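Structural overview for review
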Amino acid sequence: VQRGLRQRIRRCEECAAAGRQLVLMTKGRTRSEGDDCPICSLPLPLDSEESTFQACCMTKLCDGCILAAEEAGMYDCPFCRT
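Moving on, we come to the side chain of Ser51. Tracing the chain through its elements places Ser51 in strand E1 (residues 51-54). Its relative accessible area of 8% is what places Ser51 among the buried residues. In this structure, Ser51 is in contact with Leu44, Pro45, Lys60, Leu61, Cys62 and Asp63, ignoring residues within four places of it in sequence.

Structure below.
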């Protein structure tokens, strides 16, 4: 009986510790929706080398969407198509 009680207490302590860790992980800074690529809706990379600012429509696009547009034969802006 004592052994089962000790195991349940240990499991409860592990669950509580995991819950505290989850709370700590969710309390960080969040990125705004403005940090998403307007084409694929994925978050833009933090490295500015991996995204491109399009002056024609004043948007920032991920290089993946620009590469996909170029592979499809579209060499103008993939967002506003100018």
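Next up on the list: the pairing of E1. Both E1 and strand E2 (residues 59-62) contribute to a ladder of 4 bridges, which runs antiparallel. The residue bridging Ser51 from the neighbouring strand is Cys62, located in E2.

Time to look at the confidence of the model for the chain. Looking at the chain, pLDDT values average 79 and 60% of them are 70 or higher. Mean pLDDT across the elements of the chain bottoms out in helix H1 (residues 2-26) (63) and peaks in helix H2 (residues 63-71) (94).

Here we come to unusual backbone geometry. At Ser41, a position not held by glycine, the phi torsion is positive, near 65°. Within the fold, Ser41 resides in the loop between H1 and E1. The phi dihedral of Arg81 falls on the positive side, at around 60°, and the residue is not glycine. Its location among the elements puts Arg81 in the segment after H2.

Calculation criteria
- Residues numbered from 1 in each chain as written.
- Predicted model: local features only at pLDDT ≥ 70, side-chain atom pairs only at ≥ 80, totals over all residues.
- Heavy atoms only, no water.
- Helix = DSSP H or I, 4+ residues; strand = E, 2+ residues; numbered from the N terminus.
- Buried < 20%, exposed > 50% of the residue type's maximum accessible area, 1.4 Å probe, protein only.
- Contact = heavy atoms within 4.5 Å.
- Pairing = 2+ DSSP bridges.
- pLDDT = per-residue confidence, 0-100.

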